[in-house]
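As a plain string of letters, each chain reads:
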Amino acid sequence: MRPGEICARHYQQAQPVVLQWRQGVIHDLRTATGATTTDTWIAPALLDPQVNGFAGVDFQRDELSGEKLLAATRRLRASGCTRFLFTLVTDEWPKLVGRLERVNRLRAAHEELRHAIAGWHVEGPFLSTEPGFHGAHNPAMMLDPTPAHIRELRAVTETDPVLLTIAPERQGALDAIRLARSLGITVSLGHTNASAETLRQALHAGATGFTHLGNACPQELDRHDNILWRALDTPGLTVSLIPDRIHVSPPLFRLIHRALAAEAIYYTTDAMASAGAPPGSYTIGALQVEVGADQIVRQPGTSNYAGSALRPIDGVFRAAAMLGCDWRQVWGGFSVRPAKFIGIPHGLTPGCPADFCLVQTDETGRLKSLRVFCRGEETF
Ligand SMILES: [Zn+2]
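For clarity, every value in this text was computed on a predicted model and none was experimentally measured. Note on numbering: residues in each chain are counted from 1, in written sequence order. Confidence filtering applies because this is a predicted model: local features only for residues at pLDDT of at least 70, side-chain atom pairs given and counted only at 80 or more, and all residues used for totals across whole chains, interfaces and linings. Only heavy atoms go into the side-chain values, all of them from the structure, while hydrogens and water stay out.

Asker: How should I be thinking about the sheet that holds strand S17 (residues 297-298) in this particular structure?
Answerer: Backbone hydrogen bonds are what pair the strands of a sheet, in a parallel or an antiparallel way. At least two DSSP bridges between two strands are required for those strands to pair. Working definition: helices are DSSP H or I runs of at least four residues, strands are E runs of at least two. Numbering for both runs from the N terminus. Ordered in space as S15-S16-S17, the three strands form an open sheet in which the pairing is antiparallel. With partners counted over all chains shown, the strands left at the sheet margins are strand S15 (280-284) and S17, one partner each. Pairing of S15 with strand S16 (residues 287-291), which is carried by five bridges, proceeds in the antiparallel orientation. When the sheet's bridge partners are listed, Ile284 is paired in S16 with Leu287.

Next comes the structure, spelled out in structure tokens:
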């Protein structure tokens, strides 16, 4: 790995900086001296905590190969995202564990995958079976969590960052949350219709997040009391949002940003195989879905959305468009904030991997060019 340095404008502070790296790791970041002018911005690479598949590759398949995983990883990287949490959705528990073991082996065998797969997101099977709340997950496969499940999850993922999405109203969930926290697993509530009291108990037990707020709930909600109000009224939860304009409407997106501090919000694509791929028929494990030109991932015969077809870089610009702000103001929500939430060192900081994006925009703020560097090497 060659050492390198680059001069560009810092995405937050706006002044030109010089970033230096050695052995793929950031060594120094300092303000550029002299009369430096550049129209290129530097920002930490995007980090996505919920990726179920990408570029035609479905991560839920037992036969997922190292080549396919590598192909999806490279396409994600070209979309600005150098690291992600490999995400598995509800299935029979032994199958989920088997997939984690298998992908862990694939990852161990390839340096690029070891870097790109920063950890694991297990979304299910400890979720709500209630109509609307289970979303595209199969309720027949859902379970109450036991200490044995949590210990098995920790054993198979070793010391990796793990995000576990769980419905706290399930029998045994509060004990599972306590145990997961004690084992270093980050717990996020989601696909849940928990009461306000149960949400508070879950927070007290160690849950810190709420997964894709605004989704995994019925089309129609009680105007006085529903999971959206309850989650927003539970201080201390960091919520993820899918900023594709589809999963969360622009008005709700803006309202959530007014209700919560910026630090309490991060973004994710919740991407499935059709993201970064043309419209057509795709799978999420056993589920067949249709993706139209509108990028909506539909489960035929239902009103469920089943993941998104969003590319990470587009998520940044759509979030900025919905909020009517500059892309630089939302970039942290798709890079350093999710990393911090899960406990992954990531950012334009000495000691972090030299994963960064060079961004140029036109006079209207639209993306003109994106160059992505992963451990100091440019991705093409
Ligand atoms: Zn979900």
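The discussion continues.
Asker: How should the packing of helix H4 (residues 147-157) against helix H5 (residues 173-182) be read in this particular structure?
Answerer: For any two helices packed against each other, one specifies the crossing angle of their axes together with the interaxial distance. What counts as an axis is a line fitted to C-alpha atoms, over the stretch in contact for a helix, and the angles between N-to-C directions run from 0 to 180 degrees. Look at H4 against H5: their axes get within 9 Å of each other, and the N-to-C directions meet at 25°. The angle between the axes of H4 and H5 places the two elements in the roughly parallel class. For the element pair H4 and H5, the recorded crossing hand is right-handed. Residues Pro147, Ile150 and Arg151 of H4 lie in contact with H5, whose contacting residues are Ala176, Leu179 and Ala180. Under this scheme an angle from 65 to 115 degrees is roughly perpendicular, one under 35 degrees roughly parallel, and one over 145 degrees roughly antiparallel; angles in between are oblique. Handedness of a helix crossing follows the sense of rotation of the near helix relative to the far helix, less than a right angle counterclockwise being left-handed and clockwise being right-handed. Residues count as neighbours in contact if any of their non-hydrogen atoms are within 4.5 Å of one another.

Asker: In this structure, what is going on with the pattern of salt bridges? I would like to understand it.
Answerer: Two side chains of opposite charge can pair, provided their charged atoms sit close to one another. One side-chain nitrogen of Lys or Arg within 4 Å of one carboxyl oxygen of Asp or Glu is enough to make a salt bridge. Summed over the entire model, instances satisfying the criterion amount to 16 salt bridges. A salt bridge links Arg99 to Asp62; the shortest N-O distance between them is 2.7 Å. In this pair, Arg99 is assigned in helix H2 (residues 93-108) and Asp62 in the loop between strand S7 (57-58) and helix H1 (66-78), connecting sequence segments 37 residues apart. Categorising residues by exposure relies on relative accessible area from a 1.4 Å probe, with only protein chains included: less than 20% of the type maximum marks a residue as buried, more than 50% marks it as exposed, and the intermediate range marks it as partly exposed. Arg99 sits in the buried class, given a relative accessible area of 6%. In this structure, the salt-bridge partner of Glu112 is Arg74, at a minimum N-O distance of 2.7 Å. Placement of Glu112 in helix H3 (residues 111-116) and of Arg74 in helix H1 is noted, with a sequence separation of 38 residues between them. Given a relative accessible area of 17%, Glu112 falls into the buried group. Assessed through its relative accessible area of 39%, Arg74 is described here as partly exposed. Through salt bridges that share partners, Asp62, Asp91 and Arg99 make up one connected network.

Asker: I would appreciate a short explanation of the nonpolar core in the present structure.
Answerer: Nonpolar side chains tend toward joint burial in soluble globular proteins. Residues enter a nonpolar core if they are buried and are Ala, Val, Leu, Ile, Met, Phe, Trp, Tyr or Cys, with the set joined through side-chain atoms within 4.5 Å. Ranked by size, the top nonpolar core spans 94 residues in total, and within it Phe86, Trp331 and Phe356 carry the most contacts. Looking at this core element by element, the count peaks at six residues for helix H9 (residues 312-323). Excluding anything up to four places from it in sequence, Phe86 contacts Val51, Phe59, Leu64, Leu69, Val103, Ile117, Gly119, Trp120 and His121. Judged by nonpolar contacts, the second largest core, of eleven residues, contains Val89, Met272, Ala273 and Leu287.

Asker: Please clarify how the side chain of Asp48 should be interpreted in this entry.
Answerer: Within the element layout of this structure, Asp48 appears in strand S5 (residues 46-51). When charges are counted, neither His nor the chain ends are considered; positive counts come from Lys and Arg and negative counts from Asp and Glu. Nearest to the buried, unbridged Asp48 among oppositely charged side chains is Arg311, at 11 Å. Beyond its immediate chain neighbours, meaning those up to four positions away, Asp48 contacts Cys81, Arg83, Phe84, Leu85, Thr268, Thr269, Asp270, Pro312 and Phe334.

Asker: Please explain the packing of helix H8 (residues 250-259) against H9 as it appears in this structure.
Answerer: For the pair H8 and H9, interaxial distance at closest approach is 9 Å and the crossing angle is 85°. Judged by the inter-axis angle, H8 sits roughly perpendicular to H9. Residues Pro250, Phe253, Arg254 and His257 of H8 lie in contact with H9, whose contacting residues are Ala319, Met322 and Leu323. Among the residues forming the contact of H8 with H9, the class breakdown is five nonpolar, one polar and one charged. Note that Gly is not counted as nonpolar here; it falls among the polar residues with everything else outside the nonpolar set of Ala, Val, Leu, Ile, Met, Phe, Trp, Tyr, Cys and Pro and the charged set of Asp, Glu, Lys and Arg.

Asker: Help me understand the state of the cysteines, please; the structure alone is not making it clear to me.
Answerer: Here, two cysteine sulfur atoms that lie within 2.5 Å of each other are counted as a disulfide. Under the counting rule described, the total for this entry stands at zero disulfides. The thiol sulfur of Cys7 is not disulfide-bonded, and the nearest other cysteine sulfur, from Cys357, lies at 17 Å. Summary of cysteine pairing: Cys374 is not part of a disulfide, and the nearest cysteine sulfur, belonging to Cys81, is at 9.9 Å.

Asker: In this structure, what is going on with the sheet that holds strand S11 (residues 186-189)? I would like to understand it.
Answerer: Strand order in the open sheet formed by eight strands is S5-S8-S9-S10-S11-S12-S13-S14, and the pairing between neighbours is parallel. Both edges of this open sheet fall to S5 and strand S14 (265-267), since each of them pairs with a single strand only. Note: S5 against strand S8 (residues 81-89), four bridges, orientation parallel. Bridging across to S8, Leu46 finds its partner in Cys81. Lying over the sheet, H2 contacts S8 and strand S9 (117-123), oriented at roughly 170° with respect to S9.

Asker: Would you mind going over H1 with me for this structure?
Answerer: It helps to recall that an α-helix has 3.6 residues per turn; residues three or four apart then point in one direction. What a helix should span is 1.5 Å times the count of its residues minus one. Across its 13 residues, H1 extends 18 Å between first and last C-alpha, which sits within 8% of the 18 Å expected from 1.5 Å per residue. All of the buried residues in H1 are Gly66, Leu69, Leu70, Ala72, Thr73, Leu76 and Arg77. Angular distribution of buried residues about the axis of H1 spans 165°; they occupy a single face of the element. Note on H1: the residue one or two positions beyond its end, Gly80, has a positive phi of about 95°. In this context, the arc is that of the directions from the helix axis out to the C-beta atoms.

Asker: I would appreciate a short explanation of H2 in the present structure.
Answerer: Between its first and last C-alpha atoms H2 spans 23 Å; for 16 residues at 1.5 Å apiece the expected length is 22 Å, and the two agree. For H2, the set of buried residues is Trp93, Leu96, Val97, Arg99, Leu100, Val103, Asn104 and Arg107. Down the axis of H2, the smallest arc covering the buried residues is 160°, so these residues share one side. Away from its buried face, by an angle of more than 90 degrees, H2 presents the exposed residues Pro94 and Arg105.

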